[in-house]
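One-letter residues, chain by chain:
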Amino acid sequence: MIILGLTGSIGMGKSTAAALLRRLGIPVHDADAAVHRLQARGGAAVPAIAAAFPGAVKEGKVDRQALGRIVFANKAALKRLEAILHPLVRREEQKFIAQARAHRRQLVALDIPLLFETHGEQRCDHVMVVSAPRRVQLGRVMRRPGMTRERLAGIEARQLPDRLKRARADTVIDTGLGRRHSLQAIRRAVTQLRRRATR
């Protein structure tokens, strides 16, 4: 089984790429969605976050805005949060991979925003990076509710620059040319990976 790592900086079209992979019949593990589940009511991360960050848990679930205010621009707090979340997300990922192996899947994808930053590429056989010109990226990001230049700068400070991600990728998908072009490029990459899996 081939494990495909999917990553890209904010606003580069990673969610669209993940949806296209699913459309091609590839199971995708979404690390962001796993974090949401872990922080929801009854989620495995809630007790530890409540203990580490007083005021961040309300009505049995993590108040993401309150937590964001605590960890934004506070490296020590962010590291504490990551120490809670990363092992739990990894456990979910391992479960996902084990199920895929049991179902004899040829190819699965791990959708991980901070793939290179957390050395997640070491767990992957192939890395796909989504990328777009800066003006396209900014146009997408600044349309998001509550997004500001300051907030974007804080997010990007934690991310490897796009040019370095592109340099380290096995495949780069240019999402600035439209959805149709992205689908064609992803389909070509998937065809090659499926051939590799059957060798």
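Everything below is about the structure shown above.
Everything quoted here is computed from the prediction, not taken from an experiment.

**Examining the overall build of the chain**
Within the chain, the regular secondary structure consists of nine helices and seven strands. The C-alpha atoms of the chain give a radius of gyration of 17 Å, which matches the 16 Å a tight globule of 199 residues would have. Taken along the three principal axes of its C-alpha coordinates, the chain extends 50 × 45 × 25 Å. Counting the 199 residues in the chain, one finds 44% classified as buried. When contacts within the chain are restricted to residue pairs at least 6 apart in sequence, those whose partners lie at least 24 apart make up 71%. Roughly 11,100 Å² of accessible area belongs to the chain as shown, and the carbon and sulfur atoms make up 51% of that amount. In the chain, the 39 positive side-chain charges and the 16 negative ones have mean positions that sit 5 Å from each other.

**A closer look at the packing of helix H2 (residues 31-39) against helix H5 (residues 75-102)**
Direction vectors running N to C along H2 and H5 enclose 115 degrees, while the axes themselves pass 10 Å from each other. Taken as axis vectors, H2 and H5 run roughly perpendicular relative to one another. Both H2 and H5 take part in a crossing whose hand is right-handed. Contact residues: H2 offers Ala31, Ala34, Val35, Arg37, Leu38 and Gln39, while H5 offers Leu85, Leu88, Val89 and Glu92. Its residues assigned to classes, the contact of H2 with H5 comprises seven nonpolar, one polar and two charged.

**Brief notes about the sheet that holds strand E6 (residues 126-131)**
Strands sit in the order E2-E5-E1-E6-E7 across an open sheet of five strands; the sheet is parallel. Since the sheet does not close on itself, it has two edges, and those belong to strand E2 (28-30) and strand E7 (171-174), each with one partner. With direction set aside, neighbouring strand axes in the sheet form an average angle of 20 degrees. As defined by bridge partners, strand E1 (residues 2-7) adjoins E6 across four bridges and the pair is classed as parallel.

**Topic: unusual backbone geometry**
Of note in the backbone geometry, arginine 104 takes a positive phi value of approximately 55 degrees without being a glycine. Positive phi, normally seen in glycine, also occurs at histidine 119, with a value near 60 degrees. Summarising the element assignment, histidine 119 is placed in the loop between strand E5 (107-111) and E6.

The rules behind the values
- Residues numbered from 1 in each chain as written.
- Predicted model: local features only at pLDDT ≥ 70, side-chain atom pairs only at ≥ 80, totals over all residues.
- Heavy atoms only, no water.
- Helix = DSSP H or I, 4+ residues; strand = E, 2+ residues; numbered from the N terminus.
- Rg over C-alpha atoms; globule rule 2.2 N^0.38 Å.
- Buried < 20%, exposed > 50% of the residue type's maximum accessible area, 1.4 Å probe, protein only.
- Contact = heavy atoms within 4.5 Å.
- Areas by Shrake-Rupley, 256 points an atom, 1.4 Å probe, with all protein chains shown as cover.
- Lys, Arg positive; Asp, Glu negative; His and termini not counted.
- Charge placed at Lys NZ, Arg CZ, Asp CG, Glu CD.
- Axes fitted to C-alpha atoms, helices over the stretch in contact; angles between N-to-C directions.
- Parallel < 35°, antiparallel > 145°, perpendicular 65-115°, else oblique.
- Left-handed = near helix turned anticlockwise from the far one by under 90°.
- Nonpolar A, V, L, I, M, F, W, Y, C, P; charged D, E, K, R; others polar.
- Pairing = 2+ DSSP bridges.

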